[in-house]
Protein chains: 2
Amino acid sequence: MRSARRGPGKDLGLKITDIGEFGLISRIAGMLPRHPPGVLVGIGDDVAVLEVSPGGVLLATCDIQVEDVHFRRAWITPYQLGRKVVAINVSDIAAMGGSPAWALVSLALPRDTRVEFVDELYGGMQEEISRAGGAIVGGNVSTIHSRVVIDLFLMGRADPEKLIRREGARVGDRILVTGTLGDSRAGLELIQRPDLKVDSAHARRVLDRHRTPSPRWREGQCLASSGRVHAMVDVSDGVLSDVGHICRASAVGAEIRLSDLPVSDPCREVARAAGKDWEDWALTGGEDYELLFGVAEDQADEVARLVEEETGTPCRCIGSFIPRDEGIFVSAPGKALKKDLSRFRGWDHFR
Amino acid sequence: MRSARRGPGKDLGLKITDIGEFGLISRIAGMLPRHPPGVLVGIGDDVAVLEVSPGGVLLATCDIQVEDVHFRRAWITPYQLGRKVVAINVSDIAAMGGSPAWALVSLALPRDTRVEFVDELYGGMQEEISRAGGAIVGGNVSTIHSRVVIDLFLMGRADPEKLIRREGARVGDRILVTGTLGDSRAGLELIQRPDLKVDSAHARRVLDRHRTPSPRWREGQCLASSGRVHAMVDVSDGVLSDVGHICRASAVGAEIRLSDLPVSDPCREVARAAGKDWEDWALTGGEDYELLFGVAEDQADEVARLVEEETGTPCRCIGSFIPRDEGIFVSAPGKALKKDLSRFRGWDHFR
């Protein structure tokens, strides 16, 4: 493949909005070699798994944050932004059961950026990565004419025998999730509508969850050590979208029970005040950075107890993996919400 | 360090243009831990060296390319841009004597970007990285409101016993450089002034050198295997700036002999046509992506011959490392160009 001139002529003139983010990723994946040397997991997953020495693997992931696309400077301090940029990447490493190790940071800054902004941003990044046992080891800075861009690359360590992937979920496995869902979406609502009347401690709780999420690396490592988790992802785009990653990789379907979604009181209160549906926030809100994973039915209670004992984080069973041809759907007691959501893919950058 | 509020109050209100790119990098380096676990070379160098297994190291580098700062779409095709983005990073790995292995790519694209642009960009990246024996293994895509941003993160392998760093140059060592200098700057001149009258083969040569530079990874590996190189950098910002990196890391000075700079006929021709000084282009033009390294005086000829025999690339001696207190200067036959250039740092993104 030397240039697109040799590509399929029918695609000439197509824009990326015509094929969407996931269409673009599939297209890119199709252009690259399928099994490059030393690559155990490659393009398409959130994290690449690389064989750096005989029997030793390295995890590698990156995430670009663009001002006024991913964040607004009026809504988050530079310190919080630094913490969040690291947390998002740590969450990806956590979803494989890995340990965050080393980060490189690319920064593109408008020329009139204040030094204080960079100080606070690095203060936040340093704080979050040192909490997770990692370090910033390099990077580069550049000017940009418009708005701030931050790209973070994170490498992590993992025991190759214990690594948890998206594939491996089995029909009948219980779907478990750490912590609570929807808080981040509630925090975003409060930022956009600061006039909403809610309890101040509740407001602080959901705002913190949105601005400085706590990636579940301890929980991920505990789950990897247990050796009982069949498949795992982090909930970055929303449960419905992220469970779909496991379903596609594992060739299964999923039933999510609406009444079992773990939703906090603060989230419910904000949703009520806003006249919005907290169930919708829990299913599709995104940016929760919880872990979602599959465990054999007879071990689900024990694994949930183990995580809570070791990390203090509760785990809730929210459904089951089912045969692939039954699709992905949400069920509610007394209701027949059988609409197949297999094609629901959550937030798409280009649509 | 939790936020800049605890930092030095006197810096409040400073802009990044007040302290410059190198000032900003020093400031960031000062905020981070000096010796994080497993980090053999950390922030401040172009490449981090990480201990991934007992006795095994991984090299990691990244470089962000911003439209209308680093490239203009009218001046380079997406295919060429893809090749260049990879080449720049491969050159950094080459300067340590490493082998390029795995890359992750972060792309931020305006919504109206054509799919063909992405196809061609990836075509170029894939071509260049496969030439160097590496592979693209992951990444992410995002929208951006303004212009294209491409950030490439490259990991490389190296023999820790053979790794070449910036420190290690000794007084008396000869300074050698691969290939020719100034071609890329000549190519840029031709892009900006397409009316210049020059031989078409010469024009093509310097345009190619600017748009699709050939990173010297074969030469870097040959030099590392020789075990005779004391210090090395790649020439990305210009010889004068880049030799300064070795001088600072090795606590030496440098004398560059103007008459010995390897400048191609095409570069000389473009400079003459433009009424510009080719010596200036060779010293400060940047983007040559040649290797510059120090070798003991009595081994310089042999090392140069070895590289030429193994790779076909000529190496030229352009000066010597001298005592630190003599500074960095350029000498010319019959002229006393003794101006100390120790503080010359080449292109600064923020000044």
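All values reported here derive from a predicted model rather than from experimental measurement.

S.K.: Would you mind showing me how to read the interface of chain A and chain B here?
M.R.: Counting from both sides, the interface comprises 83 residues of chain A and, opposite them, 84 residues of chain B. Here chain A and chain B share an interface that buries about 7,200 Å² over both sides, 68% of which is from carbon and sulfur atoms. Counting across the chain A and chain B interface gives two salt bridges. We note a salt bridge from Asp119(B) to Arg27(A), for which the minimum N-O separation is 2.6 Å.

S.K.: Can you walk me through the side chain of Thr212(A) in this structure?
M.R.: Residue placement: Thr212(A) occurs in the loop between α5 (200-211) and α6 (217-226). Excluding its chain neighbours within four sequence positions, the residues that come into contact with Thr212(A) are Gln80(A) and Arg83(A).

S.K.: It is not clear to me how the pairing of strand β10 (residues 291-295) of chain B should be interpreted in this structure. Could you clarify?
M.R.: In regular strands, side chains alternate between the two faces of the sheet. Residue and element names in this part refer to chain B. Burial runs high along β10: five of the five residues are buried. Here β10 shows a buried face lined by Leu291, Phe293 and Val295 and a second buried face lined by Leu292 and Gly294. Bridge analysis of strand β7 (residues 174-178) against β10 gives four bridges, and the strand direction is antiparallel. Of the residues in β10, the one forming a bridge with Leu176 is Phe293.

S.K.: Quick question: what am I supposed to make of the relation of the copies chain A and chain B here?
M.R.: Both copies of the chain are related through a single rotation about an axis accompanied by a shift along the same axis. Overlaying chain A with chain B gives an RMSD of 0.0 Å, the required rotation being 180° about an axis along which the chain moves by 0.0 Å. Such values leave the two copies arranged in the relation of a two-fold axis.

S.K.: In this structure, what is going on with the nonpolar core? I would like to understand it.
M.R.: What tends to happen in soluble globular proteins is that the nonpolar side chains get buried as a cluster. If you look at the biggest cluster of nonpolar residues, it comprises 57 residues, and the most contacted ones within it are Leu107(A), Val118(A), Tyr122(A), Leu223(A) and Phe293(A). Looking at this core element by element, the count peaks at seven residues for helix α3 (residues 115-131) of chain A. Once residues lying within four places of it in the same chain are set aside, the contact partners of Phe293(A) are Arg174(A), Ile175(A), Leu176(A), Thr178(A), Leu223(A), Val229(A), Ala231(A), Met232(A), Val303(A) and Cys315(A). Phe71(B), Ala95(B), Leu107(B) and Leu176(B) belong to the second-largest nonpolar core, a separate cluster that totals 55 residues.

S.K.: Is there a simple way to think about the environment of Asp92(A) in this case?
M.R.: Residues and elements named next belong to chain A. Assignment of secondary structure puts Asp92 in helix α2 (residues 78-94). Overall, Asp92 belongs to the buried group, its relative accessible area being 7%. Each C-alpha atom, one on Asp92 and one on Ser264, is 23 Å from the other, the two residues being 172 residues apart in sequence.

S.K.: Help me understand the packing of helix α2 (residues 78-94) of chain B against helix α3 (residues 115-131) of chain B in this model?
M.R.: Packed helices, taken two at a time, are described by their axes: the angle between them and the distance between them. Residue and element names in this part refer to chain B. Contact geometry for α2 and α3: axes closest at 7 Å, N-to-C directions at 40°. With respect to α3, the element α2 is oriented oblique. As α2 runs across α3, the sense of the crossing is right-handed. Listed contacts from α3 to Pro78, Tyr79, Leu81, Gly82, Arg83, Val86 and Ala87 of α2 are Phe117, Glu120, Leu121, Gly123, Gly124, Met125, Glu127, Glu128, Ile129 and Arg131. In the contact of α2 with α3, the residues fall into nine nonpolar, three polar and five charged.

S.K.: Explanation requested: the sheet that holds strand β8 (residues 229-234) of chain B in the structure shown.
M.R.: Residue and element names in this part refer to chain B. The strand order β8-β10-β7-β11-β9-β12 describes an open sheet built from six strands, whose pairing is mixed. Both outer strands of the open sheet, β8 and β12 (328-331), are each paired with one neighbouring strand and no more. Across this sheet, the average inter-strand angle for adjacent strands is 25°, counted without regard to direction.

S.K.: Looking at this structure, how should I read unusual backbone geometry?
M.R.: Most peptide bonds are trans, and most residues other than glycine sit at a negative phi. All names here are of chain B. With a phi close to 70°, Asp68 is a non-glycine residue in the positive phi region. Mapped onto the elements of the fold, Asp68 is located in the loop between β3 (56-66) and α2. Residue Asp68 is classed as partly exposed on the basis of its relative accessible area of 26%. Despite not being glycine, Tyr289 has its phi angle at roughly 55°, a positive value. Tracing the sequence through the fold places Tyr289 in the loop between α9 (278-284) and β10. Overall, the relative accessible area of 5% leaves Tyr289 in the buried class.

S.K.: How should I be thinking about the pattern of salt bridges in this particular structure?
M.R.: If charged atoms from side chains of opposite charge come close, those side chains can pair. Overall, the coordinates contain 40 salt bridges over all chains when judged by the stated rule. Of the charged contacts, one joins Glu290(A) and Arg216(A) as a salt bridge, the two residues approaching to 2.8 Å between their closest N and O atoms. With Glu290(A) in strand β10 (residues 290-295) and Arg216(A) in the loop between α5 and α6, this residue pair connects regions lying 74 residues apart in the sequence. This pair shows no difference in class: Glu290(A) is buried, exactly as Arg216(A) is. Close ionic contact of Arg185(B) with Glu189(B) constitutes a salt bridge, the shortest N to O distance being 2.9 Å. In this pair, Arg185(B) and Glu189(B) both sit in helix α4 (residues 183-192), four residues apart, roughly one turn of the helix. Since its relative accessible area comes to 2%, Glu189(B) is described here as buried.

About the thresholds
- Residues numbered from 1 in each chain as written.
- Chains lettered and ligands numbered in written order.
- Predicted model: local features only at pLDDT ≥ 70, side-chain atom pairs only at ≥ 80, totals over all residues.
- Heavy atoms only, no water.
- Contact = heavy atoms within 4.5 Å.
- Buried area = accessible area lost by both parts, 1.4 Å probe.
- Salt bridge = Lys/Arg side-chain N within 4 Å of Asp/Glu carboxyl O.
- Helix = DSSP H or I, 4+ residues; strand = E, 2+ residues; numbered from the N terminus.
- Buried < 20%, exposed > 50% of the residue type's maximum accessible area, 1.4 Å probe, protein only.
- Pairing = 2+ DSSP bridges.
- Least-squares fit on C-alpha atoms with pLDDT ≥ 70 in both.
- Core = buried A, V, L, I, M, F, W, Y, C linked by side-chain atoms within 4.5 Å.
- Axes fitted to C-alpha atoms, helices over the stretch in contact; angles between N-to-C directions.
- Parallel < 35°, antiparallel > 145°, perpendicular 65-115°, else oblique.
- Left-handed = near helix turned anticlockwise from the far one by under 90°.
- Nonpolar A, V, L, I, M, F, W, Y, C, P; charged D, E, K, R; others polar.

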